[in-house]
Every structure is written in structure tokens, then in C-alpha cells.
Amino acid sequence: MSVKKIHKTNAVRLLDKAGISYRLIPYEVDESDLSAVHVAESLGEDVEQVFKTLVLKGDKTGYFVCIIPGDKEVDLKLAARVSGNKNCTLIPMKELLPTTGYIRGACSPLGMKKQFPTYIHESCLRYPSIYISAGVRGLQIEVCPNELIGLVKAEVCMLLNE
């Protein structure tokens, strides 16, 4: 049985450089379902603990990042308010790679081309660890939310209409 070697991504290198402990968890990619719900099922984890990274653009501040539980949708009014915008939208898929360096289904809050203002949903603090993309499809990072918050300088806030 061959063991597939896991290559370190930029996201993982940043964690290493910062001395943050983490665990890399590979999973089987389904190109027809890149959702965080599928990732959570593949990992056998609670979908509320598997966070997805969304990139938005505000009318005043430009690009910013929201990190939310995988089965939820960001509340655009709340996201605009916390980021200092009147309104905001998710960026078009064609802008994701040139803006962040990541593709759909593999966008990590770590290691983007540029450090954007980042906001993470407050539910992350309920867990000793959360899962985020490692920057490639088929690989997740399990990390302490407080460590991630410190590294990406995220603001913990309400991003969902609950």
C-alpha cells in the first residue's frame, strides 16, 4: 500500500514559521461537490467545526475575508457593517485566483497573496480546534481557533443571521 506524501502548502509554512501546532488531514476530493459539508462528512467531523473562507469586496474598503462555519451563509449586511462598508458582495469566482492565489474549494485564510482584513465567526471559540483549508483541495488543517485568530489578525464577530 503506497502512502501519499503530503506536500506543505504556503498556509502550512506560515503555521510552521509562527510555531503554531496543527494537524494536516487529507480527504478524498469530489470535484462535483466542493462544499464544506462534503469536507466535514469526509473528515467525520461536525460541519459547524469545519470553517470555510469567503472573500468579499466592500464598497469602501475593498477586499476582505470572512471565515464561517461550513454549513452557513454569510450575512452580507453584518459582513458590511463589521468591515466598515455600506454594502459588500462575494467576489466573482474568476477573481478568486488572481486576488488570493487560491481556487474554489481550496481557499485558505492563511497565505493569500496579500493580507486582507479578516473576520471570523464567533462560534469558532466554542471548539478547542477548527478545520480550515490548507490551500489545496483534499487537505484540511486542524488548528486552535485562537492561534489562527492571532496569526491572521482576525476580528471575532457575528457574521451570520442566526
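Residues numbered from 1 in each chain as written. Predicted model: local features only at pLDDT ≥ 70, side-chain atom pairs only at ≥ 80, totals over all residues. Heavy atoms only, no water.

Overall, mixed pairing links the five strands, which are arranged E4-E2-E3-E5-E8 in an open sheet. One side of each edge strand has no neighbouring strand; the edge strands of this open sheet are strand E4 (88-90) and strand E8 (155-157). Here the average twist between neighbouring strands, direction ignored, is 30°. (Pairing = 2+ DSSP bridges. Helix = DSSP H or I, 4+ residues; strand = E, 2+ residues; numbered from the N terminus. Axes fitted to C-alpha atoms, helices over the stretch in contact; angles between N-to-C directions.)

Attention now moves to the sheet that holds strand E6 (residues 130-133). Taken together, three strands build an open sheet; the order of strands is E1-E7-E6 and the sheet is antiparallel. Strands with a single pairing partner mark the edges of an open sheet, and in this sheet they are strand E1 (22-26) and E6. When the angles between neighbouring strand axes are averaged without regard to direction, this sheet yields 30°. Alignment of E1 against strand E7 (residues 139-143), held across five bridges, turns out to be antiparallel. Considered in E7, the bridge of arginine 23 is made with glutamate 142.

Regarding helix H3 (residues 76-83), the residues found buried are Leu78, Ala79, Ala80 and Ser83. Where the residues of H3 are buried, they touch strand E2 (51-58), strand E3 (62-69), E4 and strand E5 (118-121). Between the side-chain oxygen of the N-cap and the backbone nitrogen of lysine 77 there are 2.9 Å, and the N-cap of H3 in question is aspartate 75. Where H3 ends, the next residue or the one after it, glycine 84, has phi of about 80°, a positive value. (Buried < 20%, exposed > 50% of the residue type's maximum accessible area, 1.4 Å probe, protein only. Contact = heavy atoms within 4.5 Å. Polar contact = N/O pair within 3.5 Å; in protein donor to acceptor, adjacent residues only side chain to side chain.)

By themselves these figures say nothing about function.
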